[in-house]
Structures are given as structure tokens and as C-alpha cells.
Amino acid sequence: MMLPLLNRVRGSNPRILQSKSSPLIWTGRAAYQSHQGIFGCQPKALQKRLADLKNEVKIDFDARNRNSNGYRLIESFRRSGHIHAQINPVSFREQSRPSDQPDLSLERFGLQSEDTIPTGGLIQSKSPELRASDLQAFLETVYCGPIAVEFESVECEHEREWLYRTTEKLHQTEIEPQTKKNLAIDMLRSQNFDNFMATKFSNVKRYGGEGAESMMGIYSELISSAGENGVKEIVIGMAHRGRLNVMTGLFNYPPVAMFRKMRGLPEFPPEQQGAGDVLSHLTSSVDLPTKNGSQVHVTMLPNPSHLEAVNPVACGKVRARHLTQNVGEYSSISGEGELMGESILCLQVHGDAALIGQGINQETLQMSQVPHFSNGGSIHVVINNQVGFTTPGDRGRTSRYCSDLAKQIGAPVIHVNGDRPEEVIKATRLALAYQRRYRKDVFLDLSCYRRHGHNELDDPTFTNPLLYKTIHATKTIPDQYADQLVAAGVMSKDEVSQSLAEHNALCTEHYQMIDSYEAKMETLKGDWSAMEQPPSAVTQWDTGLPLDVLKYIGAQSIKVPEEFNLHPHLKKIHVDARMKKLESGSVIDWGTAECLAVGSLLYQGFNVRFSGQDVGRATFAHRHAMLVDQDSNEMFIPFNEMKRQNDDCGQLEMANSPLSEEAVLGFEYGMSVENPKNLIIWEAQFGDFFNGAQIILDTYVSCGESKWGLQSSLTLLLPHGMDGAGPEHSSCRMERFLQMTDSKESDGADGDDVNWHVVNPTTSAQYFHLLRRQMIRNFRKPLVVVGPKVLLRLPAASSNLSEMKSGTSFQTVLPDPRLEGLGGSAFDKIKRVVFVSGKHYYALARHADEKSVNDIAFVRVEQLCPFPTQELQEELKKFKNAKRFIWSQEEHRNMGAWSFVYPRFRNLVGVNLDYVGREVLCQPAVGVGKLHQEEANYVVEDVFK
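Visitor: Just checking my understanding: could you explain the overall build of the chain for this structure?
Guide: Each helix and strand counted, the chain has 33 helices and 29 strands in total. Taken over the C-alpha trace, the chain has a radius of gyration of 31 Å; the compact-globule value for 945 residues is 30 Å, and the two agree within 12%. Viewed in the frame of its principal axes, the chain has a C-alpha envelope of about 110 × 70 × 55 Å. Burial analysis of the chain (945 residues in total) assigns 61% to the buried set.

Visitor: Help me understand the sheet that holds strand E9 (residues 344–351), please; the structure alone is not making it clear to me.
Guide: Strand pairing in a sheet takes place through backbone hydrogen bonds and is either antiparallel or parallel in direction. With mixed pairing, the eight strands of this open sheet are ordered in space as E5-E13-E14-E10-E9-E6-E8-E7. Looking at which strands have only one partner, the edges of the open sheet turn out to be strand E5 (147–150) and strand E7 (284–289). Pairs of neighbouring strands in the sheet enclose a mean axial angle of 20 degrees, with direction left out of account. The sheet contact formed by E7 and strand E8 (residues 295–300) spans six bridges and is antiparallel.

Visitor: Can you walk me through the nonpolar core in this structure?
Guide: Side chains that are nonpolar tend, in soluble globular proteins, to be buried together. By size, the foremost hydrophobic cluster in this structure holds 90 residues, and its most contacted members are Tyr219, Ile236, Phe251 and Ile414. Excluding anything up to four places from it in sequence, tyrosine 219 contacts Ile236, Met238, Val246, Leu250, Phe251, Leu347 and Val349. Of all hydrophobic cores here, the second largest spans 78 residues; its members include Ala309, Ile360, Trp756 and Phe867.

Visitor: How should helix H19 (residues 493–511) be read in this particular structure?
Guide: Because the α-helix completes a turn every 3.6 residues, residues three or four places apart line up on one side. Over its 19 residues, H19 extends 27 Å from the first C-alpha to the last, a length consistent with the 27 Å expected when each residue adds 1.5 Å. On its buried face, H19 is in contact with helix H8 (177–200), helix H11 (255–262) and helix H18 (477–488).

Visitor: Explain helix H28 (residues 764–776) here, please?
Guide: Counted at 1.5 Å a residue, the expected span for H28 with its 13 residues is 18 Å, and the 18 Å between its end C-alpha atoms agrees. Within H28, 13 of the 13 residues are buried, which leaves it mostly tucked inside the rest of the structure.

Visitor: Help me out: how do you make sense of the pairing of strand E29 (residues 914–918) in this one?
Guide: Consecutive residues of a regular strand have side chains that alternate between opposite faces of the sheet. Within E29, four of the five residues are buried, which leaves it mostly tucked inside the rest of the structure. For strand E28 (residues 884–892) and E29, the ladder comprises four bridges, and the chain directions are parallel. Across the sheet, the residue bridging to histidine 892 is arginine 918, located in E29. For the crossover that starts at E28, traverses helix H32 (residues 898–909) and ends in the parallel E29, the hand is right-handed.

Visitor: Hey, could you run me through the pattern of salt bridges in this one?
Guide: Pairing of side chains with opposite charge becomes possible as their charged atoms draw close. All told, the structure shown has 53 salt bridges when counted by the stated rule. Among the ionic pairs, arginine 78 bridges to glutamate 161, the shortest N-O distance being 3.7 Å. Taken together, the residues span a long stretch of sequence, with arginine 78 in helix H5 (residues 68–80) and glutamate 161 in helix H7 (residues 157–171) at a distance of 83 residues. Taken as a pair, arginine 78 and glutamate 161 share a single burial class, namely buried. Measuring nitrogen to oxygen at the nearest pair gives 2.6 Å for the salt bridge that ties arginine 623 to glutamate 594. Placement of the pair is arginine 623 in the loop between strand E16 (607–612) and strand E17 (627–628) and glutamate 594 in helix H22 (residues 590–603), with a sequence separation of 29 residues. What you see here is one network of salt bridges that share partners, running through Arg64, Glu75, Arg78, Glu157, Glu161, Arg165 and Glu168.

Visitor: Teacher, can you tell me more about the environment of arginine 97 here?
Guide: Mapped onto the secondary structure, arginine 97 falls in the loop between H5 and strand E3 (116–118). The exposure class of arginine 97 is partly exposed, given its relative accessible area of 47%. For the pair arginine 97 and alanine 85, spaced twelve residues apart in sequence, the C-alpha to C-alpha distance is 9.0 Å.

Visitor: Is there a simple way to think about the side chain of arginine 243 in this case?
Guide: You can see arginine 243 is positioned in helix H10 (residues 243–249). An unpaired buried charge is present at arginine 243: no salt bridge exists, and aspartate 277, the closest side chain of opposite charge, is 8.2 Å distant. From its side chain, arginine 243 meets the backbone oxygen of serine 280 in a polar contact 3.5 Å long. Residues contacting arginine 243, with those up to four places away along its chain left out, are Met238, Ser280, His281, Leu282, Thr283, Met300, Leu301, Pro302 and Asn303.

Visitor: What should I look at first to understand the packing of helix H21 (residues 568–584) against H22 in this one?
Guide: The relative placement of two packed helices comes down to the angle between their axes together with the axis-to-axis distance. As a packed pair, H21 and H22 sit with axes 11 Å apart at the nearest point and diverge in direction by 75 degrees. By the angle between their axes, H21 is roughly perpendicular relative to H22. Across from Arg578, Lys581 and Leu582 in H21, the residues of H22 making contact are Gly591, Thr592, Cys595 and Leu596.

Parameters at a glance
Residues numbered from 1 in each chain as written. Predicted model: local features only at pLDDT ≥ 70, side-chain atom pairs only at ≥ 80, totals over all residues. Heavy atoms only, no water. Helix = DSSP H or I, 4+ residues; strand = E, 2+ residues; numbered from the N terminus. Rg over C-alpha atoms; globule rule 2.2 N^0.38 Å. Buried < 20%, exposed > 50% of the residue type's maximum accessible area, 1.4 Å probe, protein only. Pairing = 2+ DSSP bridges. Axes fitted to C-alpha atoms, helices over the stretch in contact; angles between N-to-C directions. Core = buried A, V, L, I, M, F, W, Y, C linked by side-chain atoms within 4.5 Å. Contact = heavy atoms within 4.5 Å. Expected span 1.5 Å × (residues − 1). Right-handed = clockwise from strand over helix to strand, strands pointing away. Salt bridge = Lys/Arg side-chain N within 4 Å of Asp/Glu carboxyl O. Lys, Arg positive; Asp, Glu negative; His and termini not counted. Polar contact = N/O pair within 3.5 Å; in protein donor to acceptor, adjacent residues only side chain to side chain. Parallel < 35°, antiparallel > 145°, perpendicular 65-115°, else oblique.

Encoded structure:
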């Protein structure tokens, strides 16, 4: 219902809640032990699968012992053959034959050319025995040719043996004629697309695929074979190199939409909010046919220009797809159902210099098999240009390969020469086979080149003359391969010409449609169809609940089975204390309010996930949503018993994360954009720990909706407070978040359509309503909570249960409670009005009470963005005799909210504020205890002078 006076819309809860009369029944110790599947360790199903697969690979140790010299030769090729392999398509340095190397010679292993070696139990050969020289030649062909492998970092011997056997079998197979033709056509179309754009848009940077066209074989193979491998969805995180070629050539993205963007026209229709993004960040979502007649849904995620930032986002998106579909580790409370990655595949596409140079990749890899972050194993494809911008590989890293990062998680690496398209298909099949079998990460390093510089307008010969002398003398890969197929009779020249003519006609047709084509809104569909674009007005939502529901939820949050060995201290200060608070309906502290908000959302069918370091109990030990049995070390999450009893309830996931911020926050963002039913909460141990994740905030969270139309409910909890803990444990740098908003400082008030909401709540009820508001609204917005530390247990910051009942909601501005219930004369006595945000209010109010100061009022600004212009105007009307208006903050003048609020108070509220707070400083807080105390006293006492 529209409230015209306040320009607000009041919403209602999406589902009526009713308290259940029957208690939840405990089903025994095995039930909470089985929580490992979803909420703890590696699921038992995967453990069993890996054990079964290990037993499938029989290793013939007797054959190795009987033919030890031959086996040592084989092992040497397997271990170091890649060093001498022919994987560089544009090597300008002479390379010797592998067999001439001492470590691969027959003499090294006491063998003569004519020695006969049985192959059974040693290698996968069609011949039962080989002469030593023939064995050496076979190994050289397999391990030192256009495909080279690194499997030694794979810890399990049975996995390594399977990889070697499969590699040797694959080498002896022939690619199907139709696959060859399709591959040639895909590469020719990719090349033709680049040529067409070079003609029509000669001054546009497009980061084409020239020199790496064989990557089309990787994508086409993964798509075409998806059905027979049980893959129904592929989520791709990919940077700019060759992106446009893949989208138009394989993912059915209309070229006209791309051509419009090149002309400088928007990709959004007029009715869609947002400023859009550059050409090379466009996104795609499409259903594609597979060769077994099924379909696979392919999602190309939007990416920012910051290198590799998309990869954890892709991982999070894949994890959240499992949650949406209740598959993988979410398929049952015991984790005994479908494995992660059974039908959803994550494909991460890297650049060579960026893969090894960006730390976010190490962070993301370390999450690959961590509970709550695994997604069934990613396939990593490296588009290895051998140059990072202008820096050659040998100057861009210390390690031999850009893919050496894979070794830290024991992932196999497959190198392949990009000028050998059929070998690229074989390498792709090997990578996919490993991922499908073992559900682990695998790397495919496509050694290729850039035919141009960093972009089409760059001259690379300035810095890499020898490399580009070789490149410019090389015939293009598509032309080479087409000629090869024509010579072999697989294709005719007419077929090549026809495919190019058809593609030229398609490009020309779309080029002529530029002026008539109308962009379409591609977001808020499917699972998001119930969501709307946020309004330009400020909305208020009924986020309260019936008191009996709140008490029921609170009781469930601490309900543990009798057999559970709870920590005795938690029994007293957590379980018993919470029950007393619920019974009295008073002193509802921060942790209890949070549990009521989270539990009620679960009860309404939303999923909630807390992520961060030590979120299970919380850094300040106020949460304890995940309990640990003191005897068995098993984890138990009380709220998930509701899900066990009623499938309509959502799931709570407590994801204690690795010691990472950037990749973890990217992962959580990916989870948040997957489905509007998921409330994803990331908690920093201290407020300014987000600075390790600043890239994700800059490129995704703050502007994902504006750039790509992606809504997100990602919620950041950033503990904040100048409590004497020093520079890195005091401030969440709220000034940065406020600077990054698109809030107006003049020319009209903010609406809910600002890019993200920034709040600094001071009561537990306010926090309760904020969390619920994230899900109850009919749109999604990121929320930055300038969270408390001392308020977590401060009695004055606690609330009564009645403040969370039906009909209540979050208040953007809180009046001075000391004036509540008093007549107008009390307001007439006020001479100074102090505006304040956050915990600093309690220090000021306490000082006023101690000094019996009655001519000052404190108004709390609980929500900074959207800026609450109307609420502040209404509040100011009460103080007719006030002469001075102050903004008081505990942060330094160049930090905190001062720079943000000052122009808005002046231009929108009509008040000029005086500043009272710490003076400027280059660090968030001082590191000297005595100086801190002097400042703390000053920022309070100076308000009253």
C-alpha cells in the first residue's frame, strides 16, 4: 500500500507463518553425524566412489619388477617427457629430439635397441611386446609430441596409472570424420568473424581469437559430448580473449547485438536500469544440442576487466545451482545422494600470464575440495598466448609453465599444441574423462599465440620481434587445417567455400540489422521472474512476525539431542540464557536476533548461507549456529532439523572458509546471483578485512546490476568500532563503501535503486529487520552492514521481542528515546541536535545522562544509503528552537560518514552541520593505547562544549 506522505510502499510477508505445535523428534546420533554430507566433511558418496575407482585400476607390480629397466624408461618418459615435447606452435629456438636427451636414452636404463620388452602391465600398446627402440619411439610419440602431460603431482598412484593408460589409448585413436569437419568449420567461422569485424570496425578493440582458433574445438567437444557424460549445464568463467568468437560462433549470440555495441549503442533496452559494460564483457545463456540428442544449458558469466576475477564467481554459481536443484551435496541431509558435479560442470578459462600472476587463482584452487566450496571439480582451460600484454612468459614467471599452479592441489595438467586441432580434441576428451571420473580439477594448457598484439590496434613487434617474425610467417590454423582435410578427402574445397559464404551472408545480414534491432531485457527471468527492478522510491516492508513464531524459531535454534555432548559453557551462556530471553521477551541480544531472522527465513523456504573465517561460532563467539560434539567432534546445526522434518524449509549452511577474502567473496557473489531464494552472508573477522576482497567489491558487487542487470542479495557483515584495537581491527572503512554508491547528494532524494544499501544499525531488532528485508522485498540489493563489536553484548543495544512482531520494520532513522513520551515542551528545550550513526550513539547518550544534560538530542542515522532525506526532515520538524546541528562520529574526519552526509544534509535536508570527531589521519586508528583513550574522551566531550 502506498503511503503518500512518506512516499513508501509497504509490503507483506510472502507466506503466512504458523507455529507448529508438535516438537521436532530426534532420530539418533547417526542423524547429526550425517550432517557431514552437506555441512561438514567430504560426502561419503564421493569417498566411496573414489575407493571403488581405485579398485578398478589394477597395477601389475610383478610385470614392473620383471621388466624393471623397461619400466624405468617408461616412467622417465611419463615424468619428464613434457620438457622435450613439441607443444609450442611458434617456437623460434631449435629443439633437439627427445631420445637424444640423457634422461630418455636407452643407455641410461641399461637397454639395447634390440632388447624385447613385454608391454603387458606396463603400457597400453596394441603390441604384446616391443623392441626397446620401438618402445622408445612409441613413448616419444605419446609423451613428447603435440600433447604433453604432467601427472606426477597427482597423489593417488591409481589415478596416475589411469591417466597414463588413458593418454596412451587416446593417442592410438582416430578422430571421427564428422568431428573433423565440424572442427574445421568452427575455426573457419571464428577466423572469418575476426576478418569481418576488422573490415567493418577497424578501430574497435575486440580481443579476437586469431592464433587460438583451436579453442573452438575445446568448447564444441565439451558441448557435444555433454549429454553422454551426464552434463546438463555448463557454467563458464572466461576473460576477453576470443570471447566474442565463442559467443557468436557456438553460443548463438546474435552478431547484430555485438555490432550494435561496436557502434556505441546500448545492450540494454530503454526500460532497463543500468549503464552497461564494454564489448568484451557481454554475456550469454543458451540451450545447445548435444550429439546424443539431449540439450545442455550453457551460461557464459559476465566478467570484469580485472584478470581472473570471474573464476571464483563461476565456482560459486555452480555450487548454488546444486543448491537450487537440491542435487549434489544438497540432495539429502545425509549427503548420500547425487555427487557434486554430476550434471553441472564448471569451466574456468584463464590467460597464461594472469593464471600464474594473479593470487586469486591460488585462493580459488584451494577451495576446490574444501567443504562448502567444492563443486565437483572444474575444468581449467589456459589460452596460453605465451605473452602477457607485452611480457614474454620467461619474464612473467619463475616456474616452467603458467599452469604450475595446478601442482599445489595435485591436479593433472595436459599441454597441447594449438596448431594441432585434432590433438586439442583428444586433450579435451582426456580432461573431461578425468573430471567426470574423479570429480576433481584438471588443467588443459592450450599453447597458442596472438596473431596481433594485446589488441588489434597494438604492434607487438616493438617488444617481441623474434616471436612475431615466426608468427607472421605462419599460415593461420584454420587455413592449415582446412587444407589438411581437403588433401585427406575429408572435406572438399566447395564445402570450405560454402561454409565461409554462408557465414559471410549471416554477418552481413546482421550488420544490416543494426539500426532496426531492438535490444531485449535478458535478466529477471526463470527463477528470477518474481523479482522486479527496484523502484526510485524508498520502500518499507513488514518484516515482523507473530510472537509465537519467533519463540518457536528461537527454541529450534538451541535444540540439541540428548545424546549430543554440548560444551558445558555453551549450555549455560548460550542455550539456557537464550531460553530465558525468549521466555521473558526482553534483552534480545544481537546473536539471538540474528538467529530469529535467519530461522524465520529458513522456515519460509529461503536458504541462508554464512561464509567467512570462523562463522560457525563467529569471531566474537556470539552466534554458535554450528555446534560441535565434545566427544566425537561431529558438527550439528540445530536449524537444519527443521529441514529434516519439513522439506518446505530452507537450508542453513555455515561455511567456515579458508583464510581468503577475495576468492571467497567472489564465490559468495556467484552464489547470490544464482537464485533470489538464497541469502548469502559474508562476515569479515574485522571490518577492514574486506580490503583483501576490494577487487570483487569494485568490479562485481557494487556495479553488477548496473553493468549486467544482475541482482544480488549478498550481505556483508563488517565488525566496526574504534575500541583501541589498532589500525587493522577498528574500521570497516565505511567511507569507501559510501563513495562507491550512486547516491544523490543534490537534485532529489535516493530511492531503492541505488547500487547497494549501507547501514549502521544500533539495536538487535534493527539487525533482525535488515536480514529479513533482504529476502522479503521483491527485488535484491547488496547490503553493507557496518556491524558492531561491543554492541553484540551491550544491554542497551538489545531489544524486546515486541520490536520484531508483525507490523514492525526497519527504521532508517531512530529518534532520541530519552524524549519519547514527553510532551512538546521537552522538544522545545532542545538547543543542539546531534546526528550520529552506529555505536558512538551509546557513548554520547551515556555521557548526557551522567552529566544530566537535557538540552541536547541525539538522532541516529541507521541507514546511510539510500540517504533517508524525508525521515530526517520529519525528525527535524520536532526541534523548533534548536540553534546548532552537529555530526558526531568516532572515526577520523577523512573517514567515516562525514564526507558523505555533509553535502546531503546541506542540499537535501536543509541543515548545515558542524563536525565533531577525530581529526584527519592516514591510518584507520592509532596504535598507542593512551592516545586512543584521549581521542575517545575528546570525541564525546567536545559534543557538549
